[in-house]
Amino acid sequence: MIKNESRNVVRERRHIRVRAKISGTAARPRLSVYRSNAHISAQLIDDVKGVTLVASSSVALKLKNGGNKAAATLVGADIGAKALAAGIKEVVFDRSGYIYHGRVQLLAEAARKAGLVF
């Protein structure tokens with residue numbers, strides 16, 4: 001990390017590198033995660049058509065505190081349930097340059113527990 005670069009700039013660069021290697025299709029969409037200090041969101045994206053198939057967030061669930069681990073677990077369970085209702089069982093996980101730890105990990109585990117395979 002260069003001294004003057006922020007953590008988010010470095011994360012975005014890491015995200016671009018990963019996105020060059022993974023892509024979502026209609027049969028196996030990309031589960032993309034975004035987290036901020038206050039909220040967390042996830043969406044299933046078909047990169048071939050460029051459309052979002054299913055989305056969930058702590059804002060959409062109207063959670064009082066959307067930036068904690070409990071909110072990440074609820075969002076993961078919700079995205080998993082919505083995906084299964086839409087007929088999607090397999091996904092490609094895109095952690096968006098974030099470390100697979102904490103809220104990102106809990107969201108992924110809750111989605112797996114809800115029935116998604118990745």
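Structure first, text after, so check above.
Residues numbered from 1 in each chain as written. Predicted model: local features only at pLDDT ≥ 70, side-chain atom pairs only at ≥ 80, totals over all residues. Heavy atoms only, no water.

1. Some thoughts on the pattern of salt bridges
Thinking step 1. In total, this model carries five salt bridges according to the counting rule given.
Thinking step 2. For the salt bridge of Arg13 with Glu5, the shortest nitrogen-to-oxygen distance reads 2.4 Å.
Thinking step 3. Under the relative-accessibility criterion, Arg13 is labelled partly exposed at 39%.
Thinking step 4. Residue Asp78 pairs with Lys82 through a salt bridge whose shortest N-O separation is 3.4 Å. Of this pair, Asp78 and Lys82 both sit in helix H2 (residues 69–85), four residues apart, which is roughly one turn of that helix.
Thinking step 5. The network of salt bridges with common partners includes Arg19, Arg30, Asp47 and Asp94. (Salt bridge = Lys/Arg side-chain N within 4 Å of Asp/Glu carboxyl O. Buried < 20%, exposed > 50% of the residue type's maximum accessible area, 1.4 Å probe, protein only. Helix = DSSP H or I, 4+ residues; strand = E, 2+ residues; numbered from the N terminus.)

2. With respect to the packing of aromatic side chains
Thinking step 1. Applying the stated rule across the entire model yields three aromatic pairs.
Thinking step 2. Ring centres of Phe93 and Tyr100 lie 6.1 Å apart, and the angle between their planes is 85°; this geometry places the pair in the edge-to-face category.
Thinking step 3. Judged by its relative accessible area of 19%, Phe93 falls in the buried class.
Thinking step 4. Ring centres of Phe93 and Phe118 lie 5.2 Å apart, and the angle between their planes is 15°; this geometry places the pair in the stacked category. In this pair, Phe93 is assigned in strand E4 (residues 92–94) and Phe118 in the segment after helix H3 (103–114), connecting sequence segments 25 residues apart.
Thinking step 5. Within the aromatic cluster, the residues linked to one another by ring pairs are Phe93, Tyr100 and Phe118. (Phe/Tyr/Trp six-rings, centres within 6.5 Å; stacked < 30°, edge-to-face > 60°.)

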